[in-house]
Amino acid sequence: MVYFFTYLIYFYATALGISYVALMVMSYYNTLRYRYRYTKREENYLRDYPDKAPGVSIVAPAFNEEVIILDSVNSLLNLDYPNFEVVVVNDGSKDKTLDILVKEFELEEVPYYLVYKVYCNAFFSRIWNYRHHYKRVFRSKNPAYNKLIVLDKENGGTKADAINAGINVVQNDYFINTDVDCILAKDSLSKIVLPILDSEKHVIAVGATMRMANGCRIENGNITRVRPPSSLVPLFQETEYLRSYLVGKMGWDMINAIPNISGGFGLFDSKVIIAVGGFDSSSHAEDMDITTRITAYMLENKRDYKVVQCPYSLCWTEGPPNLSILNRQRSRWGRGLFQFLVDHRKMIFNKDYGRLGFVVLPYMIFFEFLAPIIEFVGILFMIFLLITHQINFDTFWMMLLYAYLIGFSVSVITVSYDLVLGKLYKNFWEYLKLVLFSALEPILYHPFVVIFTLRGYIQYLTRKDIKWGTMTRKGFSQTKNV
């Protein structure tokens, strides 16, 4: 039993390492290709010829976001793009989120004729549910904010439900799904639409790299200085996010098999989203769920498609500043992953779904879902071996170093990929800081992620704590003088 489990861990780590190497190679090639294919010339073309720029709606759900709502909406309204609108969905906030919006952007209630495109709970209760409180649509009296629409609705329990409410009012062929705890780069829309204009295939979704806003200097909704977070938890997340986007998703992009477009920032084809019935309001992994459903929709209808990843950092989000809030976030992610795999189990190893059924979903099961379970059981097994004096320390340290170096090497290479795309940090020491702390990540950060993810699995199995929940924010104003 001891030898079996030892070799199981060895071969599992080896398989994981091989998959990382494959993704790194594909990602490197894909990143270079993307960098030289889409330049400032293409972005300036949209600015110089605004009639060629496709219309984009930005849907940003907000639930108890009074601390950051002002900076976030200012960021969205100040984007450098000729044809867009901003739809903020106040999802039953109990704080001053709506009051701040009304006051700062000079909003007033307006009549609105809704085309009910996709399902959502508690939307415009005046029309569909007289038992709920009276809800409204707001536009600004000030022409400077004419791109802004604010929807006020009852809380539907999930972010997906709030997104669907926004989809019901978007007017453009494409929309961005983002969060109000995100700050977008001014050129984010110009960069993210380029693959759509360039592709011969139907591009149904585009994602981009997200980073931590913690530590950045932010003034009036704009990032004026990018730097790594100073707190430990968001600092570890910075490297974790870069690995996920620059290695993981850019690698998957090479074979048109991106597992998910992040719920923090992603562009979607409005018609395709409406065709699949919008986001699943019961889902707690709405980003994975919608990416899988639109991919399955295209496959089932035998239509060529592409899901694209943009390597550039276009979105900065306020990451959990401490372990308590990280616990809520990762438990929710773990719960969502479990729910997602159960909901889409019929596609696994199903020939009708091609790479989705034979590559993407099996990878998510073996290397994402099972990973924390295997790690936790492995720790318990190691403790048992220590107590029973069955550990061969000559090989133990070699295997431990082997697993450690795989993760550390991926982190170092990821940081180098970011340098290839452009130097966002101003000096070498800030990049060195990421590298040094990535060396400590397996010890100080990763064990907590494993525990919190397993907690999410248990919550799903016991059906506990399945609401969207409140994520306490410090606010971007905390970083203005950094």
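Residues numbered from 1 in each chain as written. Predicted model: local features only at pLDDT ≥ 70, side-chain atom pairs only at ≥ 80, totals over all residues. Heavy atoms only, no water.

## Observations concerning the overall build of the protein
Broken down by element type, the protein carries 15 helices and twelve strands. A compact globule built from 482 residues should have a C-alpha radius of gyration of about 23 Å, and the protein, at 23 Å, falls within 12% of that. Considered along the principal axes of its C-alpha atoms, the protein spans approximately 75 × 50 × 50 Å. Split into buried and exposed, the 482 residues of the protein put 56% on the buried side. Residue pairs in contact within the protein that sit at least 24 positions apart in sequence constitute 82% of those at least 6 positions apart. Accessible area of the protein: about 21900 Å², with a carbon and sulfur share of 59%. Taken together, the 52 basic and 46 acidic charged side chains of the protein have centroids lying 1 Å from each other. (Helix = DSSP H or I, 4+ residues; strand = E, 2+ residues; numbered from the N terminus. Rg over C-alpha atoms; globule rule 2.2 N^0.38 Å. Buried < 20%, exposed > 50% of the residue type's maximum accessible area, 1.4 Å probe, protein only. Contact = heavy atoms within 4.5 Å. Areas by Shrake-Rupley, 256 points an atom, 1.4 Å probe, with all protein chains shown as cover. Lys, Arg positive; Asp, Glu negative; His and termini not counted. Charge placed at Lys NZ, Arg CZ, Asp CG, Glu CD.)

## Quick word on the state of the cysteines
Applying the stated rule across the entire model yields zero disulfides. For the unlinked cysteine C315, the closest cysteine sulfur is that of C182, found at 3.5 Å. (Disulfide = S-S within 2.5 Å.)

## Examining the packing of helix α10 (residues 286-300) against helix α11 (residues 323-343)
With their axes 9 Å apart at the nearest point, α10 and α11 run at an angle of 25° to one another. On the basis of their axis angle, the class for α10 and α11 is roughly parallel. Judged by the sense of rotation from one axis to the other, the crossing of α10 with α11 is right-handed. The residues of α11 that touch α10, namely those facing M288, D289 and T292, are G336, L337 and F340. Its residues assigned to classes, the contact of α10 with α11 comprises three nonpolar, two polar and one charged. (Axes fitted to C-alpha atoms, helices over the stretch in contact; angles between N-to-C directions. Parallel < 35°, antiparallel > 145°, perpendicular 65-115°, else oblique. Left-handed = near helix turned anticlockwise from the far one by under 90°. Nonpolar A, V, L, I, M, F, W, Y, C, P; charged D, E, K, R; others polar.)

## Structural notes on the pattern of salt bridges
Counted according to the given criterion, the structure contains 15 salt bridges. Its salt-bridge partner being D198, residue R37 comes within 2.8 Å of it at the nearest N-O pair. Within this pair, whereas R37 is found in helix α1 (residues 2-37), its partner D198 is found in helix α7 (residues 188-198), the two being separated by 161 residues in sequence. Here D418 ties to R211 by a salt bridge, and the two come within 3.1 Å at their closest N and O atoms. (Salt bridge = Lys/Arg side-chain N within 4 Å of Asp/Glu carboxyl O.)

## Observations concerning the packing of aromatic side chains
Applying the stated criterion to the full structure yields 24 aromatic pairs. Relative to Y457, the ring of F369 lies with its centre 4.6 Å away and its plane at 35°, an arrangement referred to as tilted. Of this pair, F369 sits in helix α12 (residues 354-387) while Y457 sits in helix α15 (residues 446-462), and the two are 88 residues apart along the sequence. Each member of the pair F369 and Y457 is classed as buried. (Phe/Tyr/Trp six-rings, centres within 6.5 Å; stacked < 30°, edge-to-face > 60°.)

## Points about the sheet that holds strand β4 (residues 137-140)
Pairing is mixed in the open sheet, where ten strands are placed in the order β3-β4-β5-β2-β1-β6-β11-β8-β12-β7. Strands with a single pairing partner mark the edges of an open sheet, and in this sheet they are β3 (107-110) and β7 (182-184). Here the average twist between neighbouring strands, direction ignored, is 30°. The pairing of strand β8 (residues 203-212) with strand β12 (residues 306-317) spans nine bridges and is parallel. (Pairing = 2+ DSSP bridges.)

## A closer look at the environment of L46
Topologically, L46 is positioned in helix α2 (residues 40-48). Overall, the relative accessible area of 0% leaves L46 in the buried class. Linking L46 and V193, residues 147 residues apart in sequence, is a C-alpha distance of 9.7 Å. When neighbours within four sequence positions are excluded, L46 is seen to be in contact with K52, A53, Y81, P82, S190, V193, L194 and L197.

## Here we look at the confidence of the model for the protein
Detail in the predicted coordinates should be disregarded across regions flagged by low pLDDT. For the protein, the mean per-residue pLDDT works out to 87, and 93% of the residues sit at or above 70. Of all the helices and strands in the protein, helix α5 (residues 125-128) carries the lowest mean pLDDT, 44, while helix α9 (residues 270-275) carries the highest, 96. This stretch, residues 123-134, has a pLDDT under 50; its non-local contacts, to residues over four places away or in other chains, come to 23 contacts. A low-confidence stretch, residues 478-482 (pLDDT under 50), is modelled with twelve contacts involving residues beyond four sequence positions or located in other chains. (pLDDT = per-residue confidence, 0-100.)

## Focus on the packing of helix α13 (residues 393-421) against helix α14 (residues 428-444)
It is the contact of α13 with α14, at a shortest axis distance of 9 Å, that shows an interaxial angle of 160°. The angle between α13 and α14 places the two elements in the roughly antiparallel class. The chirality of how α13 crosses α14 is right-handed. Along the contact surface, α13 presents Y404, F408, S411, V412, V415, D418 and L419, while α14 presents Y431, L434, V435, S438, A439, E441 and P442. For the contact of α13 with α14, the residue count by class is ten nonpolar, two polar and two charged.

## Quick look at helix α4 (residues 97-104)
All buried positions along α4 are accounted for by T97, L98 and L101. Here the buried residues of α4 occupy an arc of 95° about the axis, which is enough to place them on one side. Turned more than 90 degrees away from the buried face of α4 sit D99 and K103, all of them exposed. Looking at the buried side of α4, the elements it contacts are β1 (56-62), α3 (69-77), β2 (84-91), β3, β4 and β5 (148-153). Where α4 terminates, the next one or two residues include E106, which has phi positive at roughly 55°. (Arc of directions from axis to C-beta.)

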